[in-house]
Amino acid sequence: MIKKTLYFGNPAYLSLSNKQLVVKLPEVEKNETIPDEMKARSKATIPIEDIGVVVLDNKQITITQGLLAALLDNTVAVINCNDQHMPVGMFMPLHGNTTYQERFRNQLESSVPLRKQMWQQTIMAKIENQAKVLDEVTGKVNTNMHKWAKDVKSGDADMHESRAAVYYWKNLFVNRPNFIRDQNGEPPNNLLNYGYSILRGVIARSLVVSGLLPVMGIHHHNKYNPYCLADDIMEPYRPFVDKLVISIMGSHEIGEELTTDLKRELLSIPVLDVKIGGKRSPLMIAAGQTTASLAKCFNGESRKLVYPEIV
């Protein structure tokens, strides 16, 4: 089942009742002239089991401990935003799979050659997806990108990821030839940052459900980063966000401020159409297949990661 992504950008009271997320509006609750019957009808409820990601983007949101515990108990990723309305933190459950201890041990004891092989597959898939996005944007086959994808060696020893990135970002935005990918750079960097944060939450959630530690990466190893593995596994998924951003730029005016409409478009990331295993699937479902294949690699059942392709 496809899980919902919920975005809260206005003041709200969020609580739990009968396994439902209950949304109340402060301006309604505090207004003594409104009858209790009308207040009750103004409440919105969503079953906890239907939720995959919750984005909290307002200082005046109140969330109860009971609701937060229920969300985490149902492997929901809860993302917090800062004053600039950019995601800065994430709550993740500590369980989600019944064989955690065994899977943790297999992950922690995985060999360096295995991790290098998985990183090779990851970068091959990323560059190939980048190439397909560029092919569509430029209207021509970017043979160099496709070749670089095929030439990636174990551990990406020849740094094909970096070489492809330089070419990719230079040619991706046709109307912005001087674009530089920088988290603090000019738009559409803000759209990319927001989109990648949502994607990171989706991947981190899938890792936990598959019984894996998001902190232990196969390539990224930053002691200050609690989601190294999520950052590894999301690499081939990034081009799907890039493609969505290009589509958004074709129909919206992009400025320094991310509007509610822009965020709404980016919140569609979990349900983007991808191709995985020869079949079309929503991105969130594909993420689960990818992390399940990763768990099999750590468990010694396989040496092949399953990644999606650009449709």
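Residues numbered from 1 in each chain as written. Predicted model: local features only at pLDDT ≥ 70, side-chain atom pairs only at ≥ 80, totals over all residues. Heavy atoms only, no water.

**Observations regarding the overall build of the protein chain**
Secondary structure summary: the protein chain contains 12 helices and 10 strands in total. Taking the principal axes of the C-alpha coordinates as reference, the protein chain spans close to 70 × 50 × 35 Å. The long-range share in the protein chain, meaning contacts at least 24 apart out of those at least 6 apart in sequence, stands at 63%. Summed over all atoms, the accessible surface of the protein chain reaches about 15,500 Å², with 51% contributed by carbon and sulfur. Between the averaged position of the 36 positive side-chain charges in the protein chain and that of its 33 negative side-chain charges there is a distance of 6 Å. (Helix = DSSP H or I, 4+ residues; strand = E, 2+ residues; numbered from the N terminus. Contact = heavy atoms within 4.5 Å. Areas by Shrake-Rupley, 256 points an atom, 1.4 Å probe, with all protein chains shown as cover. Lys, Arg positive; Asp, Glu negative; His and termini not counted. Charge placed at Lys NZ, Arg CZ, Asp CG, Glu CD.)

**Regarding the packing of helix α7 (residues 160–172) against helix α10 (residues 238–249)**
Running from N to C, α7 and α10 cross one another at 15°; their axes reach a closest spacing of 13 Å. One element, α7, and the other, α10, form an angle in the roughly parallel class. By crossing handedness, the relation of α7 to α10 is classed as right-handed. Contacts between α7 and α10 pair Tyr168, Trp169 and Leu172 from the former with Pro239, Asp242 and Ile246 from the latter. Of the residues belonging to the contact of α7 with α10, the class tally is 5 nonpolar, no polar and 1 charged. (Axes fitted to C-alpha atoms, helices over the stretch in contact; angles between N-to-C directions. Parallel < 35°, antiparallel > 145°, perpendicular 65-115°, else oblique. Left-handed = near helix turned anticlockwise from the far one by under 90°. Nonpolar A, V, L, I, M, F, W, Y, C, P; charged D, E, K, R; others polar.)

**Some remarks on the environment of Thr291**
Tracing the sequence through the fold places Thr291 in helix α12 (residues 283–298). Leaving out residues up to four positions away in the same chain, Thr291 has contacts with Ile203, Ser206, Leu207, Ser210 and Leu212.

**Some words on the nonpolar core**
Membership of the largest hydrophobic core comes to 72 residues, with the highest contact counts inside it found for Ile203, Leu283 and Leu294. If you tally residues by element for this core, the top one is helix α8 (residues 189–209), at 11 residues. Each residue touching Leu294, except ones within four places of it in the same chain, is listed here: Met118, Leu207, Leu212, Leu229, Ile233 and Leu305. Of all hydrophobic cores here, the second largest spans 17 residues; its members include Leu6, Val23, Leu56 and Leu71. (Core = buried A, V, L, I, M, F, W, Y, C linked by side-chain atoms within 4.5 Å. Buried < 20%, exposed > 50% of the residue type's maximum accessible area, 1.4 Å probe, protein only.)

**Description of the packing of aromatic side chains**
Taken as a whole and assessed by the stated rule, the structure comprises 6 aromatic pairs. Taking 6.1 Å as the distance between ring centres and 85° as the angle between the ring planes, the aromatic pair formed by Trp148 and Tyr167 counts as edge-to-face. With Trp148 in helix α6 (residues 143–151) and Tyr167 in helix α7, this pair connects stretches of sequence that are 19 residues apart. Relative accessible area serves as the criterion here: at 14%, Trp148 is assigned to the buried category. Here the aromatic residues Tyr168, Trp169, Phe173 and Phe179 are joined through ring pairs into a cluster of three or more. Over the ring of Tyr196 we find Arg238, and its NZ or CZ is 4.5 Å from the ring centre. (Phe/Tyr/Trp six-rings, centres within 6.5 Å; stacked < 30°, edge-to-face > 60°. Lys NZ or Arg CZ within 6 Å of the ring centre and 35° of its normal.)

**Side note on the pattern of salt bridges**
A side chain of one charge can pair with a side chain of the opposite charge when the charged atoms of the two come close. As enumerated under the stated definition, the model contains 12 salt bridges in all. With its nearest N and O atoms 2.8 Å apart, the salt bridge here joins Glu235 to Lys126. With a gap of 109 residues between them, Glu235 in the loop between α9 (228–233) and α10 and Lys126 in helix α5 (residues 112–138) connect regions that are remote in the sequence. What makes Glu235 buried here is its relative accessible area of 5%. One network of salt bridges, with partners in common, ties together Lys126, Glu161, Glu235 and Arg238. (Salt bridge = Lys/Arg side-chain N within 4 Å of Asp/Glu carboxyl O.)

**Let's talk about the confidence of the model for the protein chain**
In low-pLDDT segments, the atomic positions of the prediction should not be examined closely. Summing up the model confidence of the protein chain, the mean pLDDT is 91 and the portion of residues at 70 or higher is 92%. No element of the protein chain has a lower mean pLDDT than helix α2 (residues 36–41), which averages 62, and none a higher one than α6, which averages 98. (pLDDT = per-residue confidence, 0-100.)

**Things to note about helix α4 (residues 100–108)**
Taken together, the buried positions of α4 are Tyr100, Asn106 and Gln107. The buried residues of α4 occupy an angular sector of 135° when the element is viewed end-on, so they sit on one face. Looking at the buried side of α4, the elements it contacts are α8, α9 and α12. (Arc of directions from axis to C-beta.)

**Re the packing of α5 against α6**
At a closest axis distance of 8 Å, the pairing of α5 and α6 adopts a crossing angle of 170°. In terms of orientation, α5 lies roughly antiparallel with respect to α6. For the pair α5 and α6, the contacting residues are Met124, Ile127, Glu128, Gln130, Ala131, Lys132, Leu134 and Asp135 in the first and Met145, His146, Trp148, Ala149 and Lys150 in the second. A breakdown of the residues in the contact of α5 with α6 according to their chemical character gives 7 nonpolar, 2 polar and 4 charged.

**Focus: the sheet that holds strand β5 (residues 51–56)**
Across the sheet, 4 strands lie side by side as β1-β5-β7-β8; this open sheet has mixed pairing. Bordering the open sheet on either side are β1 (4–8) and β8 (87–91), each of which pairs with just one other strand. Averaged over all pairs of adjacent strands, the angle between strand axes in this sheet comes to 20°, irrespective of strand direction. Pairing analysis gives 5 bridges linking β1 to β5, with the strands arranged parallel. The residue of β5 that forms the bridge with Thr5 is Val53. (Pairing = 2+ DSSP bridges.)

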